[in-house]
Structure formats: structure tokens, C-alpha cells
Amino acid sequence: MIRINKNESPLRPLSNEQLAEIIQQATFNFYPDDEYNRFKQAYANYFNLKPTQITAGNGSDELIQKLMLIMPEGPALTLNPDFFMYQAYAGQVDRPIEFVDAEDDLTFKLDTILNRIDEVRPSFFIMSNPHNPTGHQYTLSFLNTIADKMKAIGGYFVIDEAYLDFGEAYDIELESHILQMRTLSKAFGIAGLRLGVLIGTEETIKRIQRIEHPYPLNTITLYIAIYMFEHSEMTASFIEAQRKLALKLRDIFKNEVSDIIKIYPSATNFVLTKGEAAHSLGEYIQAHGFLPRLYDEPKMSDYVRYSIATNEQLDQLAEIIKNWRIQYDLSKKA
Ligand SMILES: Cc1ncc(COP(=O)(O)O)c(C=O)c1O
């Protein structure tokens, strides 16, 4: 079964030779003292930041859990739907969490969010942008309006940019109440090595580092990540290859089925589908060797989501969709 249900990277960023060289050099018999700082420096250089503006963890998952622990007292607020782990981690640490409910088409109105912030007065508001599960990227002015509102009520705004490498880059002006969360699990292709990053002002990062472990990341992960960010051209072209796969995935769905299934325009490495026929297609694809994301939650039961695969696998997927389409059209004629 080819897994396209978790928005992972179908490609590895490094060759076997590069990996062998890196692992041979990795001094994993020692605690990683300097490596964490070297990673932050390399990451900061790549993104034009200062290392003091960064803290990292075992995937953004761990960082979300940390935020649930370290943010000031009060409820968290998020979108419904959004990345499920926000509520899962809030539940783990008894952080109350409230939601802004989506419109029927899964979009969110700015006014609804702002009103909900007034009602809930959250200690922090967290949302993914581009948004999981729709793939929609909200504009900078949308984000800035939320940021200003959160500032006005004395709360933090956390933007989870897990998929931003597939969308349109923007420059949000960092203030102490704003945090950007990134992951190396998607476009950077190292989900299994678990590396997530929080970016903020020095003061806010220091606050989060109060609960940092002495060695937040393991040596192998750090060596690989340092290599990637110290070889910026190689890494940039890897990201470009991922973006191409994302475009190809979007095009397949647009060209083959968008006249009969609602396809959400996506700024990510996945595509969300909805419609009478979306489930039938999802099940057909699943019966033909690919595992898409089908949802248990009642609110999402009409939807099926697909993430990128390799170029050849996407060709196979396109064939499967074409075959399903022939059968579907025949069944409608009958
Ligand atoms: C919006 C969003 N944030 C965070 C994550 C988790 O990323 P990580 O692998 O860094 O824990 C995901 C994974 O699917 C995601 O969709």
C-alpha cells in the first residue's frame, strides 16, 4: 500500500552515500552539546534569522505540547477543523481549548474568528497556515488582523506553518506575541527524524526554553539537519522537487475529476476532495494500492484527502483515477 494519508515526503533529501558519511561522523557516543547550537545557526542562516529567535523540538508535535504547558494560564483557541493534535495535547495537559467553527465549506471568516477571540479571550490562538485539512493559505493581512487582535487582549498568536514551503512565502513582522512553527517533516522530508522549530522574538523564545531539555534533539537528527542547512543549494532544489510533486498532484485532481468532485485549491502537499463521488473515488483508490486519508470524525465524513507520492506513483494514481472516471461516467449513463 502506498501511503498518501499523512502528508509525508515520498522522497529522502540525502543519498545513501551522503547519509553514510554523515552517520560515520556523528559522535553519538557523546551528548550533543554543540550540535544543537550549530543546527540553530545553520537554520537561522538559511532563513535569515538569528539563532536566538529559534527553539527546536522532536517534531512540531512536541512543540505544540510544550506550548500547551508553557503558555500563560487560560484557554487555547483553535479552528475546527484544524490539525487534530492541538486538541489532543491540550487534553493531555488539562489546558482548556475552545474552537472557531468553520463555515459549511470549511472556510473561516475573519469576523467570526475575531468575535470568538473576544468571547473566549484565549491565552493563545493557534492555527495552521496553510490550513490542514483544506490546504488553503490565508493572506498576510488576515494573519496580521488576528495578530493585532491577540495583542489587544494580551494573548499569543501561534501560526503553524508546517506546509508553508508549498505555499507562498510571506514576511510577518515578529512581535513578542507572535510565534511561527515550522517542521522538517513535510517539504524537508525528514519526518522520521522528528524536528520542529519555533520562531519568535528572543524574549518569547526564552520563555519557551524554560522547559527545554538539556539535549532537545538527538545527534543523528542534528547531524543530518546541519548537513541539509549547510548545503543550502542542495536543500533548495530538494524543496523545488517537492513543490513540483505537489503541483502534479493538484493538476491530476483538477484535470480528471474537478467537474464532478469539489477539489479544494491547495497551497500544500495534499489535496482535499468533497462531493457525492469523492468517497467512491477514495475507496476505489484504496482498493488499487494507495491509502488516502478517510476521516472518522462526523464533520469530515464527506471528505477524502490525498498527499504527494513520487513522480511514478503519481502517474499510477492518475491512471487509477482515469479508470475510476470511466466506470463512474458509465454508471451515470446507465
Ligand atoms: C498542521 C500540522 N502541524 C504539525 C504537524 C506535525 O508535524 P511534526 O512531524 O513536526 O510533528 C502536522 C503533521 O501532519 C500538521 O499537519
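Going by the structure above, here's the rest.
The structure reproduced in this document is the subject of the present report. From a predicted model like this one, the values you see are computed outputs, not experimental measurements.

**Digging into the overall build of the protein chain**
Regarding its fold elements, the protein chain presents eleven helices and 13 strands. Principal-axis analysis of the C-alpha atoms places the extent of the protein chain at approximately 65 × 55 × 35 Å. When each of the 334 residues of the protein chain is scored for burial, the buried share is 53%. Here the analysis covers contacts within the protein chain between residues at least 6 apart in sequence; of these, 71% occur between residues at least 24 apart. Total accessible area on the protein chain stands at roughly 15,200 Å², and carbon and sulfur atoms take up 48% of it. Averaged over its 33 positive side-chain charges, the protein chain has a centre that lies 1 Å from the centre of its 45 negative ones.

**Re the packing of helix H8 (residues 219-230) against helix H9 (residues 232-257)**
Interhelical geometry of H8 versus H9 gives an angle of 90 degrees and a closest axis separation of 5 Å. As the angle between them shows, H8 and H9 are arranged roughly perpendicular. Within the contact between the two elements, H8 uses Tyr227, Met228, Phe229 and Glu230 and H9 uses Ser232, Met234 and Thr235. When its residues are assigned to classes, the contact of H8 with H9 shows four nonpolar, two polar and one charged.

**A word on the nonpolar core**
Ranked by size, the top nonpolar core spans 56 residues in total, and within it Phe39, Phe253, Leu281 and Leu317 carry the most contacts. Looking at this core element by element, the count peaks at eight residues for H8. In contact with Leu281, not counting residues within four places along its chain, are Phe253, Val257, Ile261, Tyr306, Ile321 and Trp324. Formed by 29 residues, the second largest nonpolar core is a distinct cluster that contains Tyr138, Ala147, Met150 and Tyr295.

**Brief notes about the layout of surface pockets**
By volume, the largest pocket is sized at about 800 Å³. Along the wall of the largest pocket there are 35 residues; nearest its centre are Phe83, Met85, Asn132, Tyr163 and Arg293. Mapped by element, the contributors of at least two residues to the lining of the largest pocket are helix H3 (59-70), strand E3 (76-80) and helix H4 (85-92). Here the residues of the lining of the largest pocket are counted per class, giving 13 nonpolar, eleven polar and eleven charged. Roughly 470 Å³ of internal volume is contained in the second largest pocket. Together, 21 residues line the second largest pocket, and Phe47, Leu164, Ala169, Tyr170 and Arg182 are the ones closest to its centre.

**A short note on helix H1 (residues 16-25)**
Turning to H1, its buried residues number three or more, namely Gln18, Leu19 and Ile22. All buried residues of H1 fall inside an arc of 95 degrees around its axis, so they share one side. Exposed residues pointing more than 90 degrees away from the buried face of H1 are listed as Asn16, Glu17 and Gln24. Buried residues belonging to H1 abut H8 and H9.

**Looking at the sheet that holds strand E12 (residues 293-294)**
The strand order across the open sheet formed by four strands is E9-E10-E13-E12, and the pairing between neighbours is antiparallel. Here the strands that pair on one side only, and so sit at the sheet edges, are strand E9 (262-263) and E12. Sheet topology note: the E9/strand E10 (residues 270-274) ladder contains two bridges and is antiparallel. Residue pairing for E10: Ile263 is matched across the bridge by Thr273. Those strands touched by H9 are E9, E10 and strand E13 (303-307), and its axis lies near 25 degrees from that of E10. The strands touched by helix H10 (residues 278-287) within the sheet are E10, E12 and E13, with E13 carrying the most contacts at an inclination of about 45 degrees.

**A few points about the packing of aromatic side chains**
This structure, assessed with the given rule, holds 18 aromatic pairs. Summarising the aromatic geometry, the rings of Phe125 and Phe157 are spaced 5.7 Å apart at their centres and angled 15 degrees between planes, so their arrangement reads as stacked. Of the two residues, Phe125 is situated in strand E5 (residues 124-128) and Phe157 in strand E6 (residues 156-160); the sequence distance between them amounts to 32 residues. One aromatic cluster is present, built from ring pairs that chain together Phe39, Tyr43, Tyr46, Phe47, Phe188 and Phe229. Note that Arg182 overlies the ring of Phe47, its terminal NZ or CZ placed 5.2 Å from the centroid.

**Considerations on the sheet that holds strand E7 (residues 178-183)**
Taken together, the seven strands give an open sheet; going across it, the order is E2-E8-E7-E6-E5-E3-E4, and neighbouring strands pair in mixed fashion. Each edge of the sheet is formed by a strand with only one pairing partner; in this case those strands are strand E2 (54-57) and strand E4 (97-101). Between one strand axis and the next, the sheet turns through 25 degrees on average, direction left out of account. Across five bridges, E5 lies against E6 in parallel orientation. Counted as the bridge partner of Ser128 is Asp160 from E6.

**Describing the pattern of salt bridges**
Going through the model one piece at a time under the given rule, you end up with 16 salt bridges. Residue Lys149 pairs with Asp118 through a salt bridge whose shortest N-O separation is 3.0 Å. You can see Lys149 sitting in helix H6 (residues 140-152) and its partner Asp118 sitting in helix H5 (residues 110-120), a full 31 residues away along the chain. Here Glu161 ties to Arg182 by a salt bridge, and the two come within 2.7 Å at their closest N and O atoms. Taken together, the positions of Glu161 in the loop between E6 and E7 and Arg182 in strand E7 put the pair 21 residues apart, joining distant regions of the chain.

Calculation criteria
- Residues numbered from 1 in each chain as written.
- Predicted model: local features only at pLDDT ≥ 70, side-chain atom pairs only at ≥ 80, totals over all residues.
- Heavy atoms only, no water.
- Helix = DSSP H or I, 4+ residues; strand = E, 2+ residues; numbered from the N terminus.
- Buried < 20%, exposed > 50% of the residue type's maximum accessible area, 1.4 Å probe, protein only.
- Contact = heavy atoms within 4.5 Å.
- Areas by Shrake-Rupley, 256 points an atom, 1.4 Å probe, with all protein chains shown as cover.
- Lys, Arg positive; Asp, Glu negative; His and termini not counted.
- Charge placed at Lys NZ, Arg CZ, Asp CG, Glu CD.
- Axes fitted to C-alpha atoms, helices over the stretch in contact; angles between N-to-C directions.
- Parallel < 35°, antiparallel > 145°, perpendicular 65-115°, else oblique.
- Nonpolar A, V, L, I, M, F, W, Y, C, P; charged D, E, K, R; others polar.
- Core = buried A, V, L, I, M, F, W, Y, C linked by side-chain atoms within 4.5 Å.
- 1 Å grid on protein atoms, 1.4 Å probe; cavity = no way out; pocket = protein on both sides within 12 Å on 5 of 7 lines; lining within 4 Å.
- Points joined across faces, edges and corners; volume = space filled by probe spheres on them.
- Arc of directions from axis to C-beta.
- Pairing = 2+ DSSP bridges.
- Phe/Tyr/Trp six-rings, centres within 6.5 Å; stacked < 30°, edge-to-face > 60°.
- Lys NZ or Arg CZ within 6 Å of the ring centre and 35° of its normal.
- Salt bridge = Lys/Arg side-chain N within 4 Å of Asp/Glu carboxyl O.

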